[in-house]
Structure formats: C-alpha cells, structure tokens
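Survey of secondary and tertiary structure
Okay, here's what each chain looks like letter by letter:
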Amino acid sequence: MTSGWWGERPPDTAWRPSPGLSMAARGREQDAAAGGHENRIIRLADDRSAIASIRLRLPPKSRRLYAYLRWSIGGQTFERYVGEVRGTNRAENLAEAWRIARDREFTIPKSSSKPSGDTDKPWASTPAVRAVMRANKGKDTKPELRLRSAVHALGLRYRVSARPLPSIRRTADLVFAGPKVAVFLDGCFWHGCPEHHRPARRNSEFWKSKIERNRERDRETDQKLTEAGWAVLRIWEHEDLKSAAQRVADLVQARKAAQSRAKTTRGG
C-alpha cells in the first residue's frame, strides 16, 4: 500500500467513532473489525497477553491516518503503533488496522488460521483456552491483590511487579529488597500446576512445549536469583493466600534475623 494520503484531508467519518457510541457498542465495533473478540488478543512481554482495541488518529494538518493498538493493565493505558490506513470509512480502517496487526504478528491467531501441525506461534485453540488468555492480565490480578492485602495486613512492606536484579529481565510479584526475598504468584495454566493444569486437547504439542518453556524459565529465574543471594518463594494461585502470606512473612523475618546475626558476628 502506498503510504500517505493523496488529495484532501480525510473526513471525520473515516476515523472518529459515531457521537454517543457507548463503550459496549465500541467493543462490538472492535470485535467486528477484528473478526471476533478472540482475535483482539495481543502479545505482551513475559508471555503475557491482553485484549486490545484499535485507536485511529489524524494529526493536525495531516493527510495521514495512523492506527495504534491500545490496551490497559492495572489502570494504566498503553499503546503500540500499527501503521497507516487509507479506507474511506471508520469500519474499513479499523478492519485494515487489525489486518496489519495480524500481519506484523502483534496478535495471537486462532488455531483455525494455522495448520494443525504448525507449532511455531501461539494461538487460542478452544473457548476455554481463549478465556484463560483473556483473563491473563499483566498485573493486578485478583489473586495478586488478595496476596498483597494479606501480606500487608501482617505488617510487611514490599515493591510490586519489580525486578529483584535490574540486570536480569525477571519480574517478581512481590520484592523485599532488604532481606532479598522475591515472591512469585504463579498461574496454574501458564506455569503448569501439577494439581490443576490440564493439557490442551487441540494443538497439544504446541501447548506442551510452551508450558515446559515457562517451567524452564521459572527454574532458570530461581537459579539466577539464588546465585545472587536471593530467597525465592513461589506460590500457586489456587493456594490459600492467607496461609501463603504467612509463609512470606516467616521467610522475610527469618532472612532479617539471619542478616542481623551476621552483622552482630562481624561486629564482634
């Protein structure tokens, strides 16, 4: 497609939503443009995903119409540039933007769009898997919020969604920098919980490989942090989070006590 607009500046109907369009109606508009709600799942870092929308923008005095992916995580809104679109109306431009997003592999395609033997890229193969992927928020999930609340109630303070070691691209859910404790709250689906993980029936080889890669990454993370002097605590999302919070508190207090004894010994 030739970039840029030729002729007059595009009309508002080419990019602005209809006045008074409700949020629910905007969602249906995005679903229609993407070819289904499940086609709006986009890839994020650290094997995360989110449901996105397309936002169209026409800069002042410009004849070029730009499309961006837009999504929210933990109350924060993020955007990613998709490309230029040149349709004659908003529906055409939204659909074109979603096609570009798919071509650039920003989205996670459905199994129906790939051969059954193709395991190079992830997709949502069943309604159940799609539901899990939709619920896979980047942070501030319900289990995370409950765990934080329970830990906070025990009088502990911590950093949230932070890297224990800035040089290593690994993010822990709770970080206690002083005693060097990193807490990870692992989802049963993505991390292969031995009690609740059930292998997918469709594209089973892909999902088996992906979950195993996640497990390997978890083991590697634990090893790197341990070698750097950190204590790592992993909690499954299905656990009783009040009991889990007590385990966090016990570990933090034990590490602080050990540090205090070591300082006393050195001082003596």
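To start, this report covers the structure provided alongside it. The structure displayed is predicted, hence computed values, not measured ones. (Residues numbered from 1 in each chain as written. Predicted model: local features only at pLDDT ≥ 70, side-chain atom pairs only at ≥ 80, totals over all residues. Heavy atoms only, no water.)

Attention now moves to the overall build of the protein chain. A tally of regular secondary structure across the protein chain gives 6 helices and 9 strands. A buried classification covers 43% of the 268 residues belonging to the protein chain. Contacts spanning at least 24 positions in sequence make up 57% of the contacts within the protein chain whose residues lie at least 6 apart. Here the protein chain displays about 15200 Å² of accessible surface, and carbon together with sulfur accounts for 50% of that area. (Helix = DSSP H or I, 4+ residues; strand = E, 2+ residues; numbered from the N terminus. Buried < 20%, exposed > 50% of the residue type's maximum accessible area, 1.4 Å probe, protein only. Contact = heavy atoms within 4.5 Å. Areas by Shrake-Rupley, 256 points an atom, 1.4 Å probe, with all protein chains shown as cover.)

Looking now at the side chain of Arg 90. Within the secondary structure, Arg 90 is located in helix H2 (residues 90-103). Among the polar contacts listed, one links the side chain of Arg 90 to the side chain of Glu 29, at a separation of 2.8 Å. Not counting residues within four places of it along the chain, the set of residues in contact with Arg 90 comprises Thr 13, Ala 14, Trp 15, Arg 16, Pro 17, Glu 29, Gln 30 and Leu 56. (Polar contact = N/O pair within 3.5 Å; in protein donor to acceptor, adjacent residues only side chain to side chain.)

Consider a sheet: its strands pair through backbone hydrogen bonds, and that pairing is either parallel or antiparallel. Pairing in this open sheet of 3 strands is antiparallel, and the strands run S3-S4-S5 from one edge to the other. Of all the strands in the sheet, just strand S3 (53-57) and strand S5 (76-85) have a single pairing partner and so form its edges. Strand-to-strand twist of the sheet, defined as the mean angle between neighbouring strand axes without regard to direction, takes the value 30°. Helix-sheet contacts for H2 involve S3, strand S4 (65-73) and S5, and the interaxial angle to S5 is about 100°. (Pairing = 2+ DSSP bridges. Axes fitted to C-alpha atoms, helices over the stretch in contact; angles between N-to-C directions.)

Before going further, it helps to spend a moment on the side chain of Thr 107. Mapped onto the elements of the fold, Thr 107 is located in the loop between H2 and helix H3 (127-135). A relative accessible area of 3% places Thr 107 in the buried class. Those residues in contact with Thr 107, other than ones at most four positions away along the chain, are Asn 39, Ile 41, Ile 42, Arg 43, Trp 98, Ala 101 and Arg 102.

Moving on, we come to the packing of aromatic side chains. The tally for this structure, following the rule as stated, stands at 4 aromatic pairs. Between Trp 71 and Phe 78 the ring centres are 6.1 Å apart and the planes differ by 20°, which places this aromatic pair in the stacked class. Residue classification places Phe 78 among the partly exposed positions, given a relative accessible area of 33%. Ring centres 5.9 Å apart and planes at 65° place the aromatic pair Tyr 158 and Phe 176 in the edge-to-face group. Taken as a pair, Tyr 158 in the loop between helix H4 (142-153) and strand S6 (159-162) and Phe 176 in strand S7 (residues 172-176) lie far apart in primary sequence, 18 residues in all. Accessibility expressed as a relative area gives 4% for Phe 176, which makes it buried. (Phe/Tyr/Trp six-rings, centres within 6.5 Å; stacked < 30°, edge-to-face > 60°.)

Under the counting rule described, the total for this entry stands at 16 salt bridges. For the salt bridge of Arg 99 with Glu 96, the shortest nitrogen-to-oxygen distance reads 2.7 Å. Taken as a pair, Arg 99 and Glu 96 lie in helix H2 at a separation of 3 residues, close to a single helical turn. Note on Arg 99: relative accessible area 39%, which makes it partly exposed. Looking at Glu 96, the relative accessible area reads 18%, which means it is buried. Notably, a salt bridge pairs Glu 212 with Arg 215, separated by 3.7 Å at the nearest N-O pair. Here Arg 215 and Glu 212 lie together in helix H5 (residues 204-227), a separation of 3 residues that amounts to about one turn. The exposure class assigned to Glu 212 is partly exposed, which follows from its relative accessible area of 28%. (Salt bridge = Lys/Arg side-chain N within 4 Å of Asp/Glu carboxyl O.)

A few words now on H2. When the terminal C-alpha atoms of H2 are compared, their 20 Å separation across 14 residues agrees well with the 20 Å that a helix rising 1.5 Å per residue should span. Of all the positions in H2, only Arg 90, Asn 93, Leu 94, Ala 95, Glu 96, Ala 97, Trp 98, Ile 100 and Ala 101 are classed as buried. The opening residue of H2, the one whose side-chain oxygen lies 3.2 Å from the backbone nitrogen of Ala 91, is Asn 89. One or two steps after H2, the chain reaches Glu 105, where phi turns positive at roughly 60°. (Expected span 1.5 Å × (residues − 1).)

So, about the nonpolar core. In terms of nonpolar packing, the biggest core is built from 23 residues, with Ile 54, Leu 69, Trp 71 and Trp 98 touching the most fellow members. At the level of elements, helix H1 (23-34), S3, S4, S5 and H2 are the ones that each hand at least two residues to this core. Non-local contacts of Trp 98, meaning those with residues more than four positions away in its chain, are made with Gln 30, Ala 33, Ala 34, Asn 39, Arg 40, Ala 52, Ser 53, Ile 54, Leu 69 and Thr 107. By size, the runner-up hydrophobic cluster in this structure holds 18 residues, among which are Leu 147, Ala 244, Ala 249 and Val 252. (Core = buried A, V, L, I, M, F, W, Y, C linked by side-chain atoms within 4.5 Å.)

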